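Chain and residue survey
One-letter residues, chain by chain:
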Amino acid sequence: MSEPKYVLVRMKRGLTHGLRAKYYVLAAEKPIEEQFTKENLRLERIDPQINFVWWDKPAPEIPADFFGVEWEGFLRVTQGGLYRFYLLTDDGARLWLNDELIIDAWKDQAPTVYHSDLLGLGAGYHKIFVRFYNKFAFGEIILGWIRPDGVAEVIPQENYAIPSDTKIVIEGVPEGYRVEFWSGGKILEAVANEKNKAILDATKLVKPLDGYFKILMPDGKHVFESPVIRDVWGGDVFQLGVG
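Residues numbered from 1 in each chain as written. Predicted model: local features only at pLDDT ≥ 70, side-chain atom pairs only at ≥ 80, totals over all residues. Heavy atoms only, no water.

Re the packing of aromatic side chains
Spelled out, the test is: When the centres of two rings from Phe, Tyr and Trp lie within 6.5 Å, Trp using its six-membered ring, the rings pair. Their planes under 30 degrees apart give stacked, over 60 give edge-to-face, and anything left gives tilted. By definition, any uninterrupted DSSP run of H or I lasting at least four residues is a helix, any uninterrupted run of E lasting at least two residues is a strand, and each is numbered from the N terminus. Categorising residues by exposure relies on relative accessible area from a 1.4 Å probe, with only protein chains included: less than 20% of the type maximum marks a residue as buried, more than 50% marks it as exposed, and the intermediate range marks it as partly exposed. In this scheme, Lys NZ or Arg CZ marks a charge over a ring once it lies within 6 Å of the ring centre and within 35 degrees of the ring normal.
Applying the stated criterion across every chain, the model contains 19 aromatic pairs. Between Tyr24 and Phe36 the ring centres are 5.2 Å apart and the planes differ by 65 degrees, which places this aromatic pair in the edge-to-face class. With Tyr24 in strand E3 (residues 19–25) and Phe36 in the loop between E3 and strand E4 (41–47), this pair connects stretches of sequence that are 12 residues apart. For the pair shown, Tyr24 and Phe36 are each scored as buried. A connected cluster of aromatic rings, assembled from ring pairs, spans Phe52, Trp54, Phe67, Trp71 and Phe132. One residue, Arg131, lies across the ring of Phe36, its end atom 4.8 Å from the ring centre. For Lys214, the ring lying beneath its charged end belongs to Trp182, and the centroid distance is 3.8 Å.

Describing the side chain of Asn40
The condition that has to hold: Think of a polar contact as two N or O atoms within 3.5 Å of one another; within protein, one of them needs to be a possible hydrogen donor and the other a possible acceptor, and neighboring residues in sequence only count if both atoms come from side chains. Note on contacts: a residue pair qualifies if any of its non-hydrogen atoms lie within 4.5 Å across the two residues.
As for its placement among the helices and strands, Asn40 is situated in the loop between E3 and E4. In this structure the side chain of Asn40 is engaged in a polar contact, spanning 2.9 Å, whose partner is the backbone oxygen of Gln35. If we ignore the near neighbours within four places in the chain, the residues touching Asn40 are Tyr23, Tyr24, Val25 and Gln35.

Description of a nonpolar patch on the surface
As a reminder of what qualifies: Within this analysis, patches are made of residues with over 30% relative accessible area and no salt bridge. Like charges are joined at 9 Å or less; nonpolar side chains (Val, Leu, Ile, Met, Phe, Trp, Tyr) at 5 Å or less. Throughout, the Shrake-Rupley method with a 1.4 Å probe supplies accessible areas, and for residues the shown protein chains are the sole cover considered. Salt bridges are counted wherever a side-chain nitrogen of Lys or Arg sits within 4 Å of a carboxyl oxygen of Asp or Glu.
On the surface, Val7, Val9 and Met11 cluster together into a nonpolar patch covering about 260 Å² of accessible area. Residue placement: Val9 occurs in strand E1 (residues 6–12).

None of this, on its own, says anything about what the molecule does.
Put into structure tokens, the structure is as follows:
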């Protein structure tokens, strides 16, 4: 009897376009930078981009004045080259790219535009983090870039990425079989449970990766290797089937 020929199909994509946002309440009498804490956190959501003008409350849980926001995720650069970033902010904001502070506008102010130095960025994913605070009624923050072709724009939603979950699930795998994810070496592995699911811990993937999956029998015999799959990340759900 011949061995089954497997196929692997991605049923759900984990990569979500947008940034993970955390909204905080702040106290007027305390230093602003010390108040971005779990105790002051009131709202978590996904924002499509950083392009806000607030005449009133950002959300029902957040006051119109004395609030702060943090945005984090990854910036997807499709064309490598020289980029310049800009922030329009009221009041203060800071921008980090790949853990480097590139714009520091941390002060009380009317709407003001700040620019980064020119930065050489390669195509791919770059870690991004923004912190913002607003003291009094009316707040504004816009994050944009000037691309290598000279176009200045608010950074579009499709250029931001976050994972939708901390797990990658492979369904339809025989119980006891091992699933491995490879990208320049073995990155993740898990054994399928009694529900025929292999659940891989995707917290080890610090950004989306191109890679492939291997399926092995309990005795280690190799039975399947997928083609290279683009942008594997937390939240991906795959179905293993017989072709």
